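# Structural features, examined
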Amino acid sequence: MSHWDVIVVGSGAGGGTLVHRLAPSGKRILLLERGGWLPREKENWDVRAVQLEGRYDAAETWVDKDGREFNPGVKYAVGGNTKVWGAATLRMRPADFGEVRHAGGVSPAWPVSYEELEPYYAEAEQLWRVRGERGAEPTEGFASRPYRYPAIRHEARVRELVADLARAGVHASPLPLGLLLDDERPERDACIRCDTCDGFPCLVKGKADAQTICVEPALAYPNVSLLTGTRVTRLETDARGRTVRAVHVERGGRSERHSADVVVLACGAINSAAVLLRSELADRSGLLGRNYMCHQNSAVFALSRRANRSVLQKTFAIFDFYHGAPDTAFPLGLIQPLNRTPALLLAQAPPIADYSPDHLASHSFEFWVTSEDLPDPANRVRLARDGRIAVDYTPNNTEAHARLLRKTAEIFAATEGPGFDPDRHFHAERMPVRVCSHQCGTARFGDDPRTSVLDRSCRAHELDNLYVVDASFFPSASAVNPTLTIIANAMRVGDHLRKRLG
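For the structure given in this document, a descriptive report is provided here. Bear in mind the structure is a predicted one, so any value in this text is a computation, not a measurement.

### Considering the overall build of the protein chain
- The helix and strand inventory of the protein chain stands at 11 helices and 21 strands.
- What you see for the protein chain is a C-alpha radius of gyration of 22 Å, in line with the 23 Å of a compact globule of 502 residues.
- In terms of overall dimensions, the protein chain has C-alpha extents of about 75 × 50 × 45 Å along its principal axes.
- Buried positions account for 60% of the 502 residues belonging to the protein chain.
- Residue pairs in contact within the protein chain that sit at least 24 positions apart in sequence constitute 73% of those at least 6 positions apart.
- With the model as given, the accessible surface of the protein chain reaches about 19500 Å², and the carbon-plus-sulfur share is 49%.
- Charge centroids of the protein chain, computed over 63 positive and 63 negative side chains, lie 3 Å from each other.

### Looking at unusual backbone geometry
- Positioned with a positive phi, glutamate 280 is a non-glycine residue whose angle comes to about 55 degrees.
- Residue placement: glutamate 280 occurs in the loop between helix H6 (269-279) and strand S14 (296-303).
- Taking the relative accessible area as the measure of exposure, glutamate 280 reaches 73% and is therefore exposed.
- With phi around 60 degrees, histidine 438 is a residue other than glycine that occupies positive phi space.
- As for its position among the elements, histidine 438 is in the loop between strand S20 (426-430) and strand S21 (466-468).
- Histidine 438 gets classed as buried once you look at its relative accessible area, which sits at 16%.

### Comments concerning the sheet that holds S14
- Strand order across the open sheet formed by four strands is S16-S17-S14-S20, with antiparallel pairing between neighbours. Two strands bound the open sheet, and with one partner strand each, they are strand S16 (334-337) and S20. Sheet twist, expressed as the average angle between the axes of neighbouring strands with direction ignored, equals 25 degrees.
- Taken together, the eight bridges between S14 and strand S17 (residues 364-371) define a ladder with antiparallel strand orientation. Residue pairing in the sheet places leucine 303 in a bridge with serine 364 of S17.
- Strands in contact with helix H9 (residues 398-416) are S14, S16, S17 and S20; relative to S17, the strand with the most contacts, it is inclined by about 155 degrees.

### Describing the nonpolar core
- If you look at the biggest cluster of nonpolar residues, it comprises 98 residues, and the most contacted ones within it are Leu32, Trp128, Leu235, Val264, Leu454 and Leu466.
- It is helix H11 (residues 483-501) that provides the largest number of residues to this core, a total of nine residues.
- Beyond its immediate sequence surroundings of up to four residues, valine 264 is in contact with Val6, Ile7, Val8, Val9, Leu18, Tyr467, Val469 and Leu497.
- In terms of nonpolar packing, the next biggest core, distinct from the first, is built from 25 residues, Val170, Phe367, Ala400 and Phe420 among them.

### Here's the deal with the pattern of salt bridges
- Scanning the model with the defined rule gives 42 salt bridges in all.
- Across the salt bridge formed by aspartate 327 and lysine 407, the nearest N and O atoms sit 3.2 Å from each other. In this pair, aspartate 327 sits in the loop between strand S15 (316-317) and S16 while lysine 407 sits in helix H9, placing the two residues 80 residues apart along the sequence.
- Close ionic contact of aspartate 392 with arginine 382 constitutes a salt bridge, the shortest N to O distance being 2.7 Å. Of the two residues, aspartate 392 is situated in strand S19 (residues 389-392) and arginine 382 in strand S18 (residues 380-383); the sequence distance between them amounts to 10 residues.
- Overall, aspartate 392 belongs to the buried group, its relative accessible area being 13%.
- One salt-bridge network, held together by shared partners, links Arg157, Glu160, Asp164, Arg167, Arg305, Arg306 and Glu416.

### Some details on the pairing of strand S12 (residues 244-251)
- Here strand S11 (residues 230-237) runs beside S12; their pairing, made up of seven bridges, is antiparallel. Looking across to S12, one finds that arginine 231 is bridged to glutamate 250.
- Turn length for the S11-S12 hairpin, with the two strands adjacent in sequence and antiparallel, is six residues, and the turn residue glycine 241 shows positive phi of about 75 degrees.
- Where S12 lies against strand S13 (residues 254-265), five bridges are found, and the strand directions are antiparallel. Bridge pairing in S13 places valine 247 opposite histidine 258.

### Quick word on the side chain of glutamine 211
- Take glutamine 211: it is sitting in helix H5 (residues 210-218).
- According to the relative accessible area criterion, glutamine 211 is buried, its value standing at 6%.
- Within the structure, the side chain of glutamine 211 is placed 2.8 Å from the side chain of lysine 83, a separation counted as a polar contact.
- One polar contact links glutamine 211 to glutamate 216, side chain to side chain, over a distance of 2.8 Å.

Each value, and the rule that gives it
Residues numbered from 1 in each chain as written. Predicted model: local features only at pLDDT ≥ 70, side-chain atom pairs only at ≥ 80, totals over all residues. Heavy atoms only, no water. Helix = DSSP H or I, 4+ residues; strand = E, 2+ residues; numbered from the N terminus. Rg over C-alpha atoms; globule rule 2.2 N^0.38 Å. Buried < 20%, exposed > 50% of the residue type's maximum accessible area, 1.4 Å probe, protein only. Contact = heavy atoms within 4.5 Å. Areas by Shrake-Rupley, 256 points an atom, 1.4 Å probe, with all protein chains shown as cover. Lys, Arg positive; Asp, Glu negative; His and termini not counted. Charge placed at Lys NZ, Arg CZ, Asp CG, Glu CD. Pairing = 2+ DSSP bridges. Axes fitted to C-alpha atoms, helices over the stretch in contact; angles between N-to-C directions. Core = buried A, V, L, I, M, F, W, Y, C linked by side-chain atoms within 4.5 Å. Salt bridge = Lys/Arg side-chain N within 4 Å of Asp/Glu carboxyl O. Polar contact = N/O pair within 3.5 Å; in protein donor to acceptor, adjacent residues only side chain to side chain.

The structure is reproduced here in structure tokens:
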């Protein structure tokens, strides 16, 4: 059994960032990744291979609350799900850290404030090469540093839409993006502004993902080691049950054990909960695996009368309804564009307004509409009788999401003018449980061990040396993409661990 100063399980946004933070300390660090290096191949950008055939999806099945099997939309690879993320790098709003009343209930306060996390947000934006524009969005909080790079420019048709939105009284602000794209000198950077970004691996390393930004630089330090193809099966404690003394793994068909002074889980909110449940650890509060959240997310397809030849249209966001709207005092959420939808995918979907897939693909705008879902103990990750992961999830705060979808249709109709029919030219598809995007909340952090799994340093209340740095720690989900908050928190926990380890 090998011994290390730190073992980190999972190399995505949380685990990759933490290892990067700790690498200069000289401490011996072992990074365990269940998957391998995601291959760089032409199929990275192949719509059929990635989106229809699920070439990079996890080769396993989970079950839902009714016992139905599904293939989860998770990726096991160095870099985790950031290998296919859309690179939206948004801060939670200051109000999100306090108690927020919604139409569907109450979102609880965090044990840390926006002000406490803000310096780490600023560092995260610098490290992950985020492009944005300070002061462009009224809902954003105080920022101690400017963005490292200016916001990515809108393409021509997107500029027209943003102008049309402004005339309709809707403010569209630049969307902060972790893309390695220099609009002034594109030959200097890796991103080629392609149409296979959101949901696809980047063949040219033009997207800021955990592999590119964190893991590869960390591995340049001689004290950092990586084992791929390594699945953690359980954690073993000492006789008192207070310290994790061994990490049990399966690698290459063999069982192994590794130990460390500090063990950190960063497998994603679902898989980290599953590891702890299999290990029968950190559940004195009865909350482990509970309060699973994944946002109310809908993918929207809107048909325009004018052609849209944009390649990368995901460059703006609409926060006008984030904290409420003229007809409701309750928060509704966030609207941002999605990747373009190719004709190949549209040919697989039900017909829209009797247009051909090629016409739809050249005249569409796609949006990702997000509302906050609320922590509910009944929404949980558990282990099925056969040991597989089970995700029990019932959507909540659905009234807010329905209102936000109507707002999206209304504002798009205002930009299109007469002839736009929401029933024929606007389609919203709610994301099912199998998508597993924006997963969080299964091991919430807090100051009271009776009502939380982790303390404010993301250490398990019941264990001296076990931490969790993926989105499991979220007490609430807000309505923005969680990745930047995961990254910032991993930096915060990293600083705590550097002090602890000396």
